[in-house]
Structures are given as C-alpha cells and as structure tokens.
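Observations on chain architecture
The chain contents come next:
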Amino acid sequence: MGRKVYVIGVGMTKFEKPGSKQWDYPDMAKEAGQKALADAKIPYDAVEQVAAGYCYGDSTCGERAVYEIGLTGVPIYNVNNNCSTGSTALFMAKQLVEGGIVECAMALGFEKMEKGSLGIKYTDRTIPLDKHMKTMVELRGFAKAPAAPQMFGNAGREHMEKYGTKPEVFAKIGYKNHKHSVNNPYSQFQQEYSLEDIMNAPMVYEPLTKLQCCPTSDGSGAAIVASEDFVRKHNLMGQAIEIAGMAMATDLPSTFDEKSCIKMVGFDMSQKAARKAYEQAGIGPENAQVIELHDCFSANELITYEALGLAAIGKAGELVESGATTYGGKWVVNPSGGLISKGHPLGATGLAQCAELTWQLRGTADKRQVAGAKVAIQHNIGLGGAAVVAVYRKPQ
C-alpha cells in the first residue's frame, strides 16, 4: 500500500433513456466533470492526469470528452473494461495518486448507448465473451433471448437448483431497488412497483422479468481523487472520503473449468477483489452500513451478496427474505436504485456508484441517506471480465 487516497469531488448527470434527450457524450462528460470540480472546489488546472472510460465510441473519445472541461495538455487515458469501465478508470486514478505519480487525478466515465439489448459491434473477429458463451452453452444451451440476461439468468437458475431459491426472491431484489430509486433524482426510473408488478412484468429469461433487468442508458459520472497532502493544502478534510481499500480481479481458471454459470458470470473474481479490498482496508463487510453493487440483473445482486461475504454460500435468499439489505436492515444495498432502476450507461456506472457512496458518507444523500453511514462498499463487474471492489471510509 502506498499513500492514502481520498475522493474530494464527485458529479454525475441524470441517467436518461437512449435517444430521449438531445445531447452527445461530450455534453454528458462536461456536466459530470464540471460538477465534480465544483464539488472539489478546485480548477481543472489542478488535475494532473485523467482516466476517461467508455465502451462505445472511436479511439480518442476520452480526449474529446475531457476537452470540454479544459485543455491543459495532461495525459488522458481511454479506458474500456465492459460494464466495469467506470470503476476501472477510478482504480487507475487512485493508483496514480497512491503511487506518488500525481497529487490529483480525475476519473471520468460516460456512455451514449443505443436502444435495446447489448449487441456485438465487430463480427469479423473473436468476440471477447467467446469462452464465457461456450461454457454457458455447454451447460445450458442457448435460448431465444438476449445473451446478457441468459448468462445471469442461468446463474440464477443454478442458485435455485442448488439452494432452493424461489423466483420471488429475485423479484424482491427488483422491488427493493425500484423502491429506493423513487428518492434519486439522477435515476432513469423513479417509480415504485408492487412485488406483483415485478413478477408479472414480461419475462425476459426465467427467472428474470423485465423489471429485474437494467436498461440501456445515456449518462456520465466523474470523481476527483487526491493525496492527503493535497487535501490538507486545499482545506478539504471536511468533505474528503478515504478509499481505504480497492482491488481489481479478472477471470480465474474456475470461471471456465468448474462448469458453473455462477462462476462463469464472475463470482470468483468478485470474491477475490472483495477479499483483497477488505484486507487493505483492515475492515470487513460487517463494518459497512451502505453498499452499491452491480445489479445488472437481480440474479447478479443475489450471488454478489455471497461473493462479498454478506451471506454464506447458498444463504443469499435468506438474507433477502430477512430484510437485511434495505432501510432498517443490517445494510442498505443500492440506495441509489442500482443499475436496475438508476440505469446502466456502461462507462459511467462505476463512477455513479462512487458518487452515491461519497454522498452517503458525507451525510448529504437527502431522502436516500443511510443513518450513521461511516463505511461503504462498492462492487462493479464487467463480463469478459473484470471486477472492482472498493471500501470507502469517512475520516475520523
């Protein structure tokens, strides 16, 4: 471990349905970046390097986006790590500060998406998920449904078969996240649904109905990280949130060798990243009050409870039924509404999670505020694959 690293400023746009608003990725990035700078109370000139994340776009969209914020000639990295792109950019920025290379760095993420399910852009080369798809097809075949809900839905089916988890448990996760989003002005959807609404919504791929699946979205998020010296010099200790631990893991042999859809969608890399982040922070999930995790589908939220150590293997269903993951429970998971309700502009998701947790630990999350929040956990995953887990702590 190197120097302490703090989040000193965060900003994000409202997440929007693709095509519903006349804006482009530079507009989104400008809004999020300027909000983060204003929050940090620093000029863009103080930022020494930028990691800019997005999945859809040509080679130097990162530069084009950042140029809306300022033209200082600093290094700008274009980052693409599927759905974990935003947290990967944050991980890079954090490492730059931690390693003593810079005093202040920005992580920026944005996405301008197309309507409908995620598709493949390049058909003339190996697809990055070919190993994952091969594993799934060998185990479960391939159905007439979009690939992503099939992959995560099959992980849900495996949990049901192994541990007796009922379809209502997955629906209750969707119910919780939609309910939380009512209080989030940045959320793409801000509507509460009954459990019956969730269960009776159109079936995408059993057990996942439409209201248990994240939508495609347009939007941007940004975070500014800095060293302790920078924080003190700029008198920002009152708002700085420490990144007490942060780790990234990629796929392991078990992803493909253990003939498990739960493993195939990244369980082991999530678990590995979590354990490393907890070790760095010197605290575990039992010390946290608030968590933002990657609920691209309700099935993934369920298995992630076990990967993060909130529940023993096979016991995540009981955790949901006990009410432990919402207000009044042991943790509040996805107070923002999560990806299911807030939306999922791939490059921005990890940074929106960071923004939410920063606001929670500052005590400025308004109606979403988790009482007494002092420690927070972030989990962001992208198939193909990378998992990033961070532990945030409110400085004493």
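Look above for the structure.
Residues numbered from 1 in each chain as written. Predicted model: local features only at pLDDT ≥ 70, side-chain atom pairs only at ≥ 80, totals over all residues. Heavy atoms only, no water.

**Re helix 4 (residues 130-140)**
Because an α-helix packs 3.6 residues into every turn, residues spaced three or four apart end up facing the same way. Here helix 4 has its buried residues at His132, Met133, Thr135 and Met136. Viewed end-on, helix 4 has its buried residues packed into an arc of 160°, placing them on one side of the element. Turned more than 90 degrees away from the buried face of helix 4, the exposed residues are Lys131 and Lys134. Its buried side turned inward, helix 4 meets helix 5 (147-163), helix 9 (253-257) and helix 10 (261-264). Backbone geometry just after helix 4 places Gly141 at a positive phi near 75°. (Buried < 20%, exposed > 50% of the residue type's maximum accessible area, 1.4 Å probe, protein only. Helix = DSSP H or I, 4+ residues; strand = E, 2+ residues; numbered from the N terminus. Arc of directions from axis to C-beta. Contact = heavy atoms within 4.5 Å.)

**Some words on the pattern of salt bridges**
Tallied over the full model, the rule gives 21 salt bridges. For the salt bridge of Glu31 with Lys35, the shortest nitrogen-to-oxygen distance reads 2.9 Å. With Glu31 and Lys35 both in helix 1 (residues 25-40), this residue pair falls 4 residues apart, about one helical turn. For Glu31, a relative accessible area of 28% corresponds to the partly exposed category. Among the salt bridges present, the one from Arg140 reaches Glu161, with a minimum N-O distance of 2.9 Å. A residue pair is termed long-range when its members are at least 10 positions apart, and Arg140 in helix 4 and Glu161 in helix 5 qualify at 21 residues. (Salt bridge = Lys/Arg side-chain N within 4 Å of Asp/Glu carboxyl O.)

**Things to note about the nonpolar core**
Membership of the largest hydrophobic core comes to 53 residues, with the highest contact counts inside it found for Val265, Ile291, Tyr305, Leu308 and Leu310. Non-local contacts of Ile291, meaning those with residues more than four positions away in its chain, are made with Leu308, Leu310, Trp331, Val332, Val333, Asn334, Pro335, Leu357 and Ile377. Counting residues in hydrophobic clusters, the runner-up holds 39 residues, among them Met246, Val290, Ala352 and Ala373. (Core = buried A, V, L, I, M, F, W, Y, C linked by side-chain atoms within 4.5 Å.)

**Here's the deal with the sheet that holds strand 12 (residues 386-393)**
Within the open sheet, the 10 strands sit side by side as 3-2-4-7-1-8-12-11-9-10. Their pairing is mixed. Unpaired on one side and paired on the other, strand 3 (76-79) and strand 10 (332-333) mark the two borders of the sheet. Relative to strand 11 (residues 375-382), strand 9 (residues 290-292) runs parallel, the two sharing 3 bridges. For Val290, the partnering residue across the bridge sits in strand 11 and is Ala376. (Pairing = 2+ DSSP bridges.)

**Points about unusual backbone geometry**
The omega torsion of the bond from Glu206 to Pro207 falls at 5°, within 30 degrees of zero and hence cis. Considering the arrangement of structural elements, one finds Pro207 in the loop between strand 5 (203-205) and strand 6 (208-209). For Lys41, which is not glycine, the phi torsion reads 60° and is therefore positive. Within the secondary structure, Lys41 is located in the loop between helix 1 and strand 2 (49-53). Phi is positive for Lys259, close to 50°, though the residue is something other than glycine. With respect to the element layout, Lys259 can be found in the loop between helix 9 and helix 10. On the basis of relative accessible area, Lys259 is assigned to the partly exposed category, the value being 47%.

**Some details on the environment of Asp130**
Residue position: Asp130 is located in helix 4. The class of Asp130 is partly exposed, set by a relative accessible area of 36%. Taking the C-alpha atoms as reference points, Asp130 and Gly384, separated by 254 residues in sequence, lie 8.7 Å from one another.

**A few points about the packing of helix 4 against helix 5**
The description of two helices packed together rests on the angle between their axes and the distance between the axes. Running from N to C, helix 4 and helix 5 point in directions that differ by 50°, and their axes come no closer than 11 Å. The angle between the axes of helix 4 and helix 5 places the two elements in the oblique class. Between helix 4 and helix 5 lies a crossing whose hand is left-handed. Here helix 4 contributes His132, Met133, Met136 and Arg140 to the contact with helix 5, which in turn contributes Ala147, Gln150, Met151, Asn154, Arg157, Glu158 and Glu161. (Axes fitted to C-alpha atoms, helices over the stretch in contact; angles between N-to-C directions. Parallel < 35°, antiparallel > 145°, perpendicular 65-115°, else oblique. Left-handed = near helix turned anticlockwise from the far one by under 90°.)

**Considering helix 5**
In a regular helix each residue adds 1.5 Å, so 17 residues correspond to 24 Å; helix 5 covers 24 Å between its end C-alpha atoms and thus fits that length. Restricting attention to buried positions, one finds in helix 5 the residues Pro149, Gln150, Met151, Phe152, Gly153, Asn154, Ala155, Gly156, Glu158 and His159. Gly164 sits one or two positions beyond helix 5 and adopts a positive phi of about 75°. (Expected span 1.5 Å × (residues − 1).)

**Looking at the pairing of strand 4 (residues 104-111)**
The buried count for strand 4 comes to 8 of 8 residues, which makes it a mostly enclosed element. Of the two faces of strand 4, both are covered, the one formed by Cys104, Met106, Leu108 and Phe110 as well as the one formed by Ala105, Ala107, Gly109 and Glu111. Pairing between strand 2 and strand 4: 5 bridges, direction parallel. Bridged to Gly53 within strand 4 is Gly109. Here strand 4 runs beside strand 7 (residues 219-227); their pairing, made up of 8 bridges, is antiparallel. Considered in strand 7, the bridge of Ala105 is made with Val225.

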